[in-house]
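# Overview (structure and organization)
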Amino acid sequence: MSEIDLLLRETLQDQAEEAPGANGLLTRVQARSRRLRRRRAGLAGAGIAAAVLVASGTPAAVHLFAGSTPRGADTGGPANATASAGPSKTFASEPAPPEDRESIPPDPSYAPFPVRLGPPSYSLPGFPLVPATNTVAGLAPPVALMDGQPRLYHPPAGEGQPTIEVRFRAQKPAFDARDVAPGGEQVLVRGIDATMLVGSGGAANRYLYWLDPSGAWILVSASGVDGPTLVKYADSLRPGNIPMTAPFTFQTLPRGLELDQVGPSDMVFRTPDAPPGGSYIGRFVVMLNTDVSGEPATWPLRVDGRPASIIQQDGGRSLQVLLSEGRHLVIQVPANILISDEDLKQIAAGTTVADGVVGARG
Amino acid sequence: VADSFNDFVVNRGQALLRFAYLLTGDRHLAEDLVQEVLARVHQRWERIERNEGAEFYVRTALVRQHISWWRRMSFRNERPVAEVPDTTDRRSAEQTLAARAEIWQLLATLPRRQRAVLVLRFYEDLPDDEIATLLGCSAINVRVLASRALARLRATLVRPTVTTNIEGTTT
């Protein structure tokens, strides 16, 4: 065993002791299992899925500050700090007993959506608030992204650098009690009472939210930013427009899909029966990855002369195309979106990665 | 069914959380991962139990879920590919701790499949063929993934630090 092997083994053994405790695990698993059972029952039909959308509380229009209007409205996607309590992620890669694998349905299921290709028809909304510059040391410039609706995001300028995200919510933000420290600090933002919460367990996360006179809740989530500085940042937000820059452009896409999410390295499109935001479940996903499944040298397909492969998975399939070393275009298609391999390859061939886009790890 | 599932969670929950934490490097994600997998396992516990090896099944589910095809970037884990942390030529008495902290940081920069292979090989002590079964790939692929991951760690770690850690000598 080499030195690095030994060091790695010791490190893993040490770190394993830092794992969270199992107290209460059974209770939480049982509760989650019950929620899962109810959700499966509840999503049995598309009509019921539509009801979920209505029940999430979507205001017809939300005016921010003086007269600006965001496009769309929050439909209650998972809050950033509520991963443990939010909607369950899909379990596409869950192993099944051999005789059972084929019987596992995609979860959740949406109505079949036959694909016809056409030119892209989406538009990129901007973000209607602009922060002042230089309120937070080391903060990178903001970019407008989208998760069901526009959001503002300052990516980390480097390892350990601060990040901030601003988003609108139709309802008062709710946090998992295990994610935030008890209590909360009351502060003023633009003369409005606001609440600041601090991440639990020494986490450097802070969450600041207030009810804007327009009726929308504004949630500012930050990492690596102290409380007073975060308030200063929130105070500096003014009506304006930060245009959204997408990581990809397309020559062709499935007709009828709606743009749902735009990230630094991914774009997500949903079928009309899928609720907006918060998930990759049942979505048509295009992303730039740095890691890959399999060995590109052995990939049997070619897309625009580049090695490619299609992977069949529970719940759908994905096309991955090697663009250059460490950069792979990946298109995920759930089983309910009915598209041929040739159409999938055609979409990939017509996809251009914008300059400066950095791939993410899957 | 309920009793045997409950016993499994009570008896093996902590070990699963440790494993998930090493896979994710994040306590909250580890908890979320374990709860999600166990909740889904609960739905068909009878069939899984009949097939024996429930723990292997659950660990496989944890790994596959973590490196899932369905990527979901959240605020908490949304970050560009991290730069490899700077390394310096440390020659202090705390080199062991520093080197382990550095290794832990470097693990966070690895692709999930590579990290999973290292955890399975060096924490779980699984042979490559079992890792391959668990990941759903070939043993050759496992060795390639491990080789790449270790090469990255070797290329980044400062050799005197490693030497001191392992052999207890001062360079």
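Residues numbered from 1 in each chain as written. Chains lettered and ligands numbered in written order. Predicted model: local features only at pLDDT ≥ 70, side-chain atom pairs only at ≥ 80, totals over all residues. Heavy atoms only, no water.

## Remarks on the overall build of chain B
Broken down by element type, chain B carries nine helices and zero strands. When the helices and strands of chain B are read in sequence order from the N terminus, they spell out α-α-α-α-α-α-α-α-α. Taken over 171 residues, chain B has a buried fraction of 57%. When the accessible area of chain B is evaluated, it comes to approximately 7100 Å², of which 48% is carbon and sulfur surface. (Helix = DSSP H or I, 4+ residues; strand = E, 2+ residues; numbered from the N terminus. Buried < 20%, exposed > 50% of the residue type's maximum accessible area, 1.4 Å probe, protein only. Areas by Shrake-Rupley, 256 points an atom, 1.4 Å probe, with all protein chains shown as cover.)

## A short note on helix 4 (residues 54-66) of chain B
All names here are of chain B. In this model helix 4 runs 18 Å from its N-terminal to its C-terminal C-alpha over 13 residues, within 8% of the 18 Å that 1.5 Å per residue would give. In terms of residue burial, helix 4 counts as a mostly covered element, since eleven of its 13 residues are buried. Three or more residues of helix 4 are buried, namely Ala-54, Tyr-57, Val-58, Arg-59, Thr-60, Ala-61, Leu-62, Val-63, Arg-64, Gln-65 and His-66. (Expected span 1.5 Å × (residues − 1).)

## A few points about the pairing of strand 16 (residues 283-289) of chain A
The side chains of a regular strand alternate between both faces of the sheet. Residues and elements named next belong to chain A. For strand 16, a buried count of seven out of seven residues is recorded, marking the element as mostly surrounded by other parts of the structure. Alternating positions in strand 16 separate into two faces, Arg-283, Val-285, Met-287 and Asn-289 on one and Phe-284, Val-286 and Leu-288 on the other, with burial throughout. Here strand 15 (residues 266-270) runs beside strand 16; their pairing, made up of five bridges, is antiparallel. Bridge pairing links Phe-269 to Phe-284 in strand 16. The pairing of strand 16 with strand 20 (residues 327-334) spans five bridges and is antiparallel. (Pairing = 2+ DSSP bridges.)

## So, the packing of aromatic side chains
Scanning the model with the defined rule gives ten aromatic pairs over all chains in all. For the pair A:Tyr122 and A:Phe269, a centre-to-centre distance of 5.6 Å together with 55° between the ring planes defines the contact as tilted. On the criterion of sequence distance, the pair formed by A:Tyr122 in the loop between strand 2 (117-118) and strand 3 (127-130) and A:Phe269 in strand 15 is long-range, its members being 147 residues apart. On the basis of relative accessibility, which here comes to 23%, the residue A:Tyr122 falls in the partly exposed class. By relative accessible area, which is 3% here, A:Phe269 ends up buried. Within the aromatic cluster, the residues linked to one another by ring pairs are A:Tyr122, A:Phe248, A:Phe250, A:Phe269 and A:Phe284. Sitting above the plane of the B:Phe19 ring, B:Arg59 keeps its charged end 5.0 Å from the centroid. Seen from the ring of B:Trp104, B:Arg115 lies directly overhead, with NZ or CZ sitting 5.0 Å from the centre. (Phe/Tyr/Trp six-rings, centres within 6.5 Å; stacked < 30°, edge-to-face > 60°. Lys NZ or Arg CZ within 6 Å of the ring centre and 35° of its normal.)

## Some details on unusual backbone geometry
Residues and elements named next belong to chain A. For Arg-190, which is not glycine, the phi torsion reads 50° and is therefore positive. When its relative accessible area of 33% is taken as the criterion, Arg-190 is described as partly exposed. A positive phi angle is found at Asp-304, which is not glycine, with a value near 55°.

## Topic: the nonpolar core
Residues A:Leu8, B:Leu38, B:Leu62, B:Val63, B:Leu118 and B:Leu135 are the most contacted members of the largest nonpolar core, which totals 59 residues. For this core, the element with the highest residue contribution is helix 1 (residues 2-24) of chain B, accounting for ten residues. Residues within four places of B:Leu62 in sequence aside, it is in contact with B:Leu16, B:Phe19, B:Leu23, B:Leu33, B:Val34 and B:Val37. (Core = buried A, V, L, I, M, F, W, Y, C linked by side-chain atoms within 4.5 Å. Contact = heavy atoms within 4.5 Å.)

## Comments concerning the confidence of the model for chain B
Keep in mind that low pLDDT regions are not for reading the predicted coordinates in detail. All names here are of chain B. Predicted confidence across chain B gives a mean pLDDT of 73, with 73% of residues reaching 70 or more. Looking over chain B, one finds the lowest element-wise mean pLDDT in helix 9 (residues 159-167), namely 35, and the highest in helix 6 (residues 112-122), namely 91. This stretch, residues 69-93, has a pLDDT under 50; its non-local contacts, to residues over four places away or in other chains, come to 94 contacts. Here residues 159-171 is modelled with pLDDT under 50, and outside its nearest four sequence neighbours on either side it reaches 30 contacts, counting other chains as well. Quick note on the complex model: pTM equals 0.53, ipTM equals 0.78. (pLDDT = per-residue confidence, 0-100.)

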